[in-house]
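What the coordinates show
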Amino acid sequence: SQQGEEDPQALSIQEGENATMNCSYKTSINNLQWYRQNSGRGLVHLILIRSNEREKHSGRLRVTLDTSKKSSSLLITASRAADTASYFCATYTGFQKLVFGTGTRLLVSP
Amino acid sequence: GAGVSQSPRYKVAKRGQDVALRCDPISGHVSLFWYQQALGQGPEFLTYFQNEAQLDKSGLPSDRFFAERPEGSVSTLKIQRTQQEDSAVYLCASSLGSPAYGYTFGSGTRLTVV
């Protein structure tokens, strides 16, 4: 079963706009990670945020974590067509495996 | 190697056939994971190895699924008597240590059972 649920399931924006996707999870976590998956490819690790952190930045990515609400958000600023992909959150609870959410499909149009 | 390598990239199997999927992790990566990803879904955990020891196989859906990593490097996921519901992408990932630091995934094997 999947720990996380992502919202929205699909998002369509224009190049240059910001994209925000949200992840909710069910149990306490050690950290939460975001991955990108291009069509037909494996997943690429984007960013990790620990349970004692509230916000983290990496390039055009900004991740927030609210452990009281068991939720996280991923913001991609100034999106590009190359950002078109599926994005998954994954939670690590300390039992040696990541549990993935259902994913958000992002389409960025030129 | 530079990344996690999986083979074959695509596999079509007739129902009832046995298949073997190979994963070659990054050299030196202690941890190896197998995930199953159905179309339009997130990856679902199958099994985890630390070196050659299979420490968690709680995600294997039935006794038709079997995984091994005999020398602590290359791993094989075997599915016996394949069924249509086994059609999915099978992803392998490796990590230096615990998943606390993120995984490196292979490109996956797309299995289609006809």
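Structural notes, computed from the coordinates. (Residues numbered from 1 in each chain as written. Chains lettered and ligands numbered in written order. Predicted model: local features only at pLDDT ≥ 70, side-chain atom pairs only at ≥ 80, totals over all residues. Heavy atoms only, no water.)

1. A closer look at unusual backbone geometry
Note the cut-off: Here a strand is any run of E in DSSP of at least two residues, a helix any run of H or I of at least four, and the numbering for each starts at the N terminus.
The residue after Asp7(A), namely Pro8(A), is reached through a cis peptide bond having omega 0 degrees. In this structure, Pro8(A) sits in the loop between strand S1 (5-7) and strand S2 (10-14). For the bond from Ser7(B) to Pro8(B), the omega torsion is -5 degrees, close enough to zero to count as cis. Among the secondary structure elements, Pro8(B) is positioned in the loop between strand S1 (5-7) and strand S2 (10-13). The backbone of Lys70(A) shows a phi angle near 50 degrees, a positive value even though the residue is not glycine.

2. Considerations on the sheet that holds strand S8 (residues 75-79) of chain B
Residues and elements named next belong to chain B. Rules: Here the rule is simple: two strands pair whenever DSSP picks up at least two bridges between them. Think of each axis as a best-fit line through the C-alpha atoms, taken over the contacting stretch in the case of a helix, with angles from 0 to 180 degrees between the N-to-C directions.
Judged by pairing direction, the sheet is antiparallel, and its four strands sit side by side in the order S1-S3-S8-S7 without closing on themselves. Each of the sheet's edge strands pairs with one partner strand only, and the pair in question is S1 and strand S7 (65-68). Taken pair by pair, the neighbouring strands of this sheet meet at an average axis angle of 15 degrees, ignoring direction. Note that S7 and S8 share four bridges and pair antiparallel. Bridge pairing links phenylalanine 65 to isoleucine 79 in S8.

3. Here we look at the interface of chain B and chain A
Quick note on the threshold: Contacts are assigned to residue pairs that have any heavy atoms within 4.5 Å of one another. Take the accessible area each of two parts loses on contact, using a 1.4 Å probe, and add the two losses: that sum is the buried area. By convention in these notes, a salt bridge is any Lys or Arg side-chain nitrogen within 4 Å of a carboxyl oxygen on Asp or Glu. Throughout this description, a polar contact denotes any pair of N or O atoms lying within 3.5 Å of each other; where both atoms belong to protein, one of them has to be capable of donating a hydrogen while the other can accept it, and for residues adjacent in sequence the pair is counted only when both atoms sit in side chains.
On the side of chain A, 21 residues touch chain B, which itself brings 24 residues to the contact. At the boundary of chain B with chain A, total buried surface from both sides reaches about 1,800 Å², with 47% on carbon and sulfur atoms. The tally of links between chain B and chain A comes to one salt bridge. Of the charged contacts in the structure, one is a salt bridge between Lys97(A) and Asp56(B), with a shortest N-O distance of 3.8 Å. One can count five residue pairs in polar contact (both at pLDDT 80 or more) joining chain B with chain A. When residues of the side of chain B that touches chain A are traced back to their parent elements, those giving at least two are strand S4 (31-37) and strand S5 (44-50) of chain B.

4. Let's talk about the packing of aromatic side chains
Residue and element names in this part refer to chain B. What counts here: Only Phe, Tyr and Trp rings take part, Trp by its six-membered ring, and two of them pair if their centres are within 6.5 Å. Stacked means planes under 30 degrees apart, edge-to-face means over 60, and tilted covers everything else. Type-normalised accessible area, obtained with a 1.4 Å probe on protein chains alone, sets the label of each residue: buried when under 20%, exposed when over 50%, and partly exposed for intermediate values.
Counted according to the given criterion, the structure contains 11 aromatic pairs over all chains. A centroid spacing of 4.2 Å and a plane angle of 20 degrees characterise the contact between phenylalanine 33 and tyrosine 103, whose relative ring orientation is stacked. Within this pair, whereas phenylalanine 33 is found in strand S4, its partner tyrosine 103 is found in the loop between strand S9 (88-95) and strand S10 (104-105), the two being separated by 70 residues in sequence. Given the relative accessible area of 0%, phenylalanine 33 is considered buried. With centroids separated by 6.5 Å and ring planes inclined at 40 degrees, the aromatic side chains of phenylalanine 65 and tyrosine 90 adopt a geometry described as tilted. Of the two residues, phenylalanine 65 is situated in strand S7 and tyrosine 90 in strand S9; the sequence distance between them amounts to 25 residues. For the pair phenylalanine 65 and tyrosine 90, one class covers both residues: buried.

5. A few points about the state of the cysteines
Residues and elements named next belong to chain B. Filter applied, for reference: Our working definition of a disulfide is a cysteine sulfur pair at a distance within 2.5 Å.
Considering all chains together, one arrives at two disulfides over all chains under this definition. Each sulfur in the disulfide pair cysteine 23 and cysteine 92 lies 1.9 Å from the other. Here the S-S torsion is close to -65 degrees, and the disulfide linking cysteine 23 with cysteine 92 is therefore left-handed. In this pair, cysteine 23 is assigned in strand S3 (residues 19-24) and cysteine 92 in strand S9, connecting sequence segments 69 residues apart.

6. Here we look at the pattern of salt bridges
When charged atoms on two side chains of opposite charge get close, those side chains can pair. Residues and elements named next belong to chain A. Applying the stated criterion across every chain yields a total of six salt bridges over all chains. Where arginine 60 meets aspartate 83, a salt bridge forms, and the shortest distance between an N and an O atom there is 2.9 Å. Separated by 23 residues along the polypeptide, arginine 60 in the loop between strand S6 (55-58) and strand S7 (61-66) and aspartate 83 in the loop between strand S8 (71-76) and strand S9 (85-92) bring together distant segments of the chain. Residue classification places arginine 60 among the partly exposed residues on the basis of a relative accessible area of 23%.

7. Looking at the pairing of S5(B)
All names here are of chain B. For S5, a buried count of five out of seven residues is recorded, marking the element as mostly surrounded by other parts of the structure. Where S4 folds back on S5, the antiparallel hairpin that results is connected by six residues, among which glycine 40 adopts a positive phi of roughly 80 degrees. Examined bridge by bridge, S5 and strand S6 (residues 53-56) share three bridges and lie antiparallel to one another. Looking at S6, one finds that tyrosine 48 is bridged to aspartate 56.

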